[in-house]
Amino acid sequence: MAHVAPTATIYGLMAEFETPTGLVEAAEQARLAGYRKLDAYSPIPIDELNEALALRRTRLPMLVLAGGILGGLAGYGLEYWSQAIAYPLNIGGRPLHSWPHFIPVTFETTVLGAALSAFVGMWALNGLPQPYHPVFNVPEFARASRDRFFLVIETADPRFDRHGTEQFLKGLHPVGVHEVAP
Amino acid sequence: MADVTTYAAPADLDRLRTRALYAGVAGLVVCGIGLVVDRDHFFRSWLTAYLLFLGIALGSMAFVMINHLSGGSWGVFRRVFEASSRTLPLLAILFLPVVLGMGTLYSWTHEDHVQADEVLRHKAPYLNVGFFLIRALAYFAGWILIAWTLTRLSKRQDEGDMSVNLTLQYVSGAGIVFYAFAATFAAIDWIMSINPHWYSTLFGFIFIGGQGLSALAFTIVISAWLVRREPMAALLRPSHFHDLGKLSLAFVMLWAYFNFSQYMLVFAANIVEEIPYFIARISHGWQFLALFLVIFQFAVPFLLLLSRDLKRTPYRLVMVAVWLLVIRYIDLFMLVAPEFDASGANLHLLTGEHESGFYVHWLDLAAPLAVGGLWFWMFLTQLAQRPLLAVGDPYLREALQSGGGH
C-alpha cells in the first residue's frame, strides 16, 4: 500500500474488496458518510449497487420507447401512403387499406426504430468512448475485470479529506487502499 | 411447520388445500347438476376449463425441462413448476368427461355424419374414435412418464447424487421434443377437430404458447404467495420476479405473434376451408370478445409488463398474473364456444347453415371451479411434499446470490 503524501494532487482514493457483498456494503457506508463523488467497479453486474450508490435511473428506456413508436408510425404510414394513396392497386378485391397486411412491416420498423435509438442513445448517454481514465493508473485495478471489486472516492468530493477519507476506507475492511494518480 | 433449513412449505398451506378441495367438490356437484339438466353445455364447458389447467401443468413441465437445459436464476421457482407437472395423473382422470362427451363435442364421431361428408370421409383414418383414444392414451403416458422421471431424478439430486445432472439434461432434451409434438397433436385432436373441416398449421404453436403463458402466470401467483411467508421470504429477490415478469412479457408477445400470424395468413389466402373459423369469431357478437382479447390479453398486459418496477414488485406483478390466468380461460372459451350455439348444440352436427351468437352459460363458471379446485388441491399436495428449493441444484447457490446469473 502506497504511502499517501498529504499535498500531492491525486484523482481520488481506491479501496479494493474481495467480494461483491463487501463492495455493496462499502458503497452504502460511503453514501451514509456523506460522500457523493464515488464510483464502483466490478467484474459482474450487481443489482444492489444501483441502490447503494443511489444512481439515477437511465433515460434510455424512454428513448427506446419513443424510437419504437416513431418507427412503427413511419412503417404503417409508408404502407398506407404507398398502398392506398400513391399506388392504389386492386389485389383480389381486398380493400386498399388492408391493415393486417401492414402489420408485419409496422412490426419490423418498430423494432428497427427501437434498436437504432437504443444503439445511438446508449453511446450518447454513457460517455464512451473515453480513451483515458485515471483508475487504470493503479496496477491492482487490472483485476477489476477478473475477481476484485473496487470503490473510488474522488478528490472532487466536498467531503474528501486525504487523511480522513483514507482512514474511513480502511475501516471498511478492504484488501487495500490505493491512491489514484490523476 | 415452516422450517427455514429444510425449506418446508408454509404452515397455512394446509388450510388453503382444504379450501381448494371444498371448492372443487362444490364445483363438481354443480357440474353434476349441469350434466343432468344441460348435458351439451356440460361437456363443452368441462373441455374449456380442463384445457386451462392442463395448460398450466404441461407448460410447467416444459419450463422444468427448459430450466434443466438452459440454467438460469429463475430455477429458484423449479419446485413450483415441478409440483404443477406432477398433477398430470389427476388430469388424466379429469379427461374422462371429455371421452364420455365425444359424441357431443366432435361431429366426426357420428358415422352417418362422416359418410355424408366427403372431407370427413377422407379424414376418417385419422379422425375416428379408436385412434383418438389411442393417441390420447399415448400423450398422457408420455407426459406422465416424463414428469415422473424428472421428479425422481430431481429427488436424487436433492440427496446429493451429482451423477444425475447430465441425465436430467438428456431426459429434458428428449422430453421437450415429445412434449412439443404431443401437444401439437393434442391441440388438433381436442380443439381443432371440433370444427373438422378447418385446419391451421400454427394451431399447435398457439396451444403451446398459451400453455407457457398460463404456467408462468400461475407460478408468479404461487411465488408471490410464498414470498410473503417463511422460508421463501428472505430468499426470493426482486430480480427473481423480474425474470418471471420478463418471460411473461415474452409469452404475451408470442401469443399475439402466433394469433396474428394465423389471422393474417387466413386473411391473405382467403380460401373457403379456412375462413369460416374466423368469420364465426368476428360476427354475431363474438367480434367484441375478439377485440376484448386483443386489448386485454395483448395490449394492456404488454404495456404493463414493460415497466421494470412492476416486474420487480411481487404484489403488483401478481395482479397482472391473476388477470392473465383469467384471460387465458376466456381465450380458450373463444377457441371452443363459437363452434356451439347458445342451446349447447354442436353447429357441425346440425344440418344446413347455422351460426352461433355470443353466449355465456353458468356451467362456464362451475366447470373451472370444479376442475380448478381439484387441480389446485392436487398441486398444493404435491408442493408440500418436497423442499421449496431444489437443494441439490448445482446452480442454486449462484441463483440465490445477489447479482446471480440469469
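The model shown is predicted, which means the values in this text are computed figures rather than measured ones.

Okay, helix α9 (residues 129-158) of chain B next. In this model α9(B) runs 43 Å from its N-terminal to its C-terminal C-alpha over 30 residues, within 8% of the 44 Å that 1.5 Å per residue would give. Looking at the residues trailing α9(B), positive phi occurs at B:G160, about 100°.

Moving on to the interface of chain B and chain A. Tallying the contact residues gives 14 residues for chain B and eleven residues for chain A. Of the roughly 1,200 Å² buried between chain B and chain A on both sides combined, carbon and sulfur atoms contribute 56%. Inspection of the chain B/chain A interface yields zero salt bridges. Summed over the shared surface of chain B and chain A, the number is one residue pair in polar contact (both at pLDDT 80 or more). For the side of chain B that touches chain A, the secondary structure elements donating two or more residues are α12 (238-269) and α15 (308-312) of chain B. Split into classes, the residues belonging to the side of chain B that touches chain A amount to six nonpolar, four polar and four charged.

Confidence in the prediction of chain A, expressed as mean pLDDT, is 85, and 96% of residues score 70 or more. Considering each helix and strand of chain A separately, the mean pLDDT is smallest for helix α2 (residues 47-52) of chain A, with a value of 79, and largest for helix α3 (residues 60-86) of chain A, with 93.

All names here are of chain A. In terms of burial, strand β4 (residues 176-180) is largely enclosed, as four of its five residues are buried. Where strand β1 (residues 12-17) meets β4, five bridges bridge the pair, whose relative direction is antiparallel. If you follow M14 over to β4, its bridge partner there is H178.

Let us now look at unusual backbone geometry. For the peptide bond that leads from A:L128 to A:P129, omega is 0°, which places it in the cis range. Positive phi is not limited to glycine here, since A:H173 has a value of about 60°. Within the element layout of this structure, A:H173 appears in the loop between α5 (162-170) and β4. For A:H173, a relative accessible area of 70% corresponds to the exposed category. The backbone of B:H284 shows a phi angle near 55°, a positive value even though the residue is not glycine.

As a further point, take the packing of aromatic side chains. Tallied over the full model, the rule gives 49 aromatic pairs over all chains. Arranged with centres 6.1 Å apart and planes meeting at 80°, the rings of B:F296 and B:W323 form a pair that is edge-to-face. Residue B:F296 is found in helix α14 (residues 286-305), and its partner B:W323 is found in helix α16 (residues 314-336); the two are separated by 27 residues along the sequence. One aromatic cluster is present, built from ring pairs that chain together A:W99, B:W198, B:F203, B:F260, B:Y263, B:F267, B:Y277 and B:F278. A cation over an aromatic ring shows up here: B:R135 above the ring of B:Y126, its NZ or CZ 3.6 Å from the ring centre. The cationic tip of B:R281 hangs over the ring face of B:Y277; the distance from NZ or CZ to the ring centre is 3.7 Å.

This part is about the environment of A:A118. Residue and element names in this part refer to chain A. Mapped onto the elements of the fold, A118 is located in helix α4 (residues 99-126). According to the relative accessible area criterion, A118 is partly exposed, its value standing at 25%. The spacing of A118 and P61 is 57 residues in sequence and 7.9 Å in space, taken between C-alpha atoms.

Definitions and limits used
Sequence order as written defines residue numbering, which begins from 1 separately in each chain. All chains are assigned letters beginning with A, and all ligands numbers beginning with 1, in the order in which they are written. Local features in this predicted model are restricted to residues whose pLDDT is 70 or higher, and side-chain atom pairs enter the listing and the counts only when it is 80 or higher, whereas totals over whole chains, interfaces and linings include all residues. By convention in this description, side-chain values take in all heavy atoms of the structure and omit both hydrogens and water. Helix numbering and strand numbering both begin at the N terminus, where a helix is a DSSP run of H or I of at least 4 residues and a strand a DSSP run of E of at least 2. The span you would expect from a helix comes to 1.5 Å times its residue count less one. Residue contacts follow a heavy-atom distance rule, with two residues in contact if any of their heavy atoms lie within 4.5 Å. By definition, the buried area sums, over both parts, the 1.4 Å-probe accessible area that each loses when the two are put together. By salt bridge we mean one thing: a side-chain nitrogen of Lys or Arg within 4 Å of a carboxyl oxygen of Asp or Glu. N or O atoms within 3.5 Å of each other form a polar contact, as long as, within protein, one can give a hydrogen and the other can take it, and as long as residues adjacent in sequence are counted only when both atoms are side-chain atoms. Each residue is assigned to one class: nonpolar for Ala, Val, Leu, Ile, Met, Phe, Trp, Tyr, Cys and Pro, charged for Asp, Glu, Lys and Arg, and polar for all the others, Gly among them. Known as pLDDT, the predictor's per-residue confidence is scaled from 0 to 100. In this scheme, a residue with accessible area under 20% of its type's maximum is buried, one over 50% is exposed, and one in between is partly exposed, where area comes from a 1.4 Å probe on protein chains only. Here, a strand pair is defined by DSSP locating no fewer than two bridges between the strands. Working definition: a ring pair exists when centres of Phe, Tyr or Trp rings (six-membered ring for Trp) sit within 6.5 Å. Plane angles under 30 degrees give stacked, over 60 give edge-to-face, the rest tilted. Only when the NZ of Lys or the CZ of Arg is both within 6 Å of the ring centre and within 35 degrees of the ring normal is a charge said to sit over the ring.

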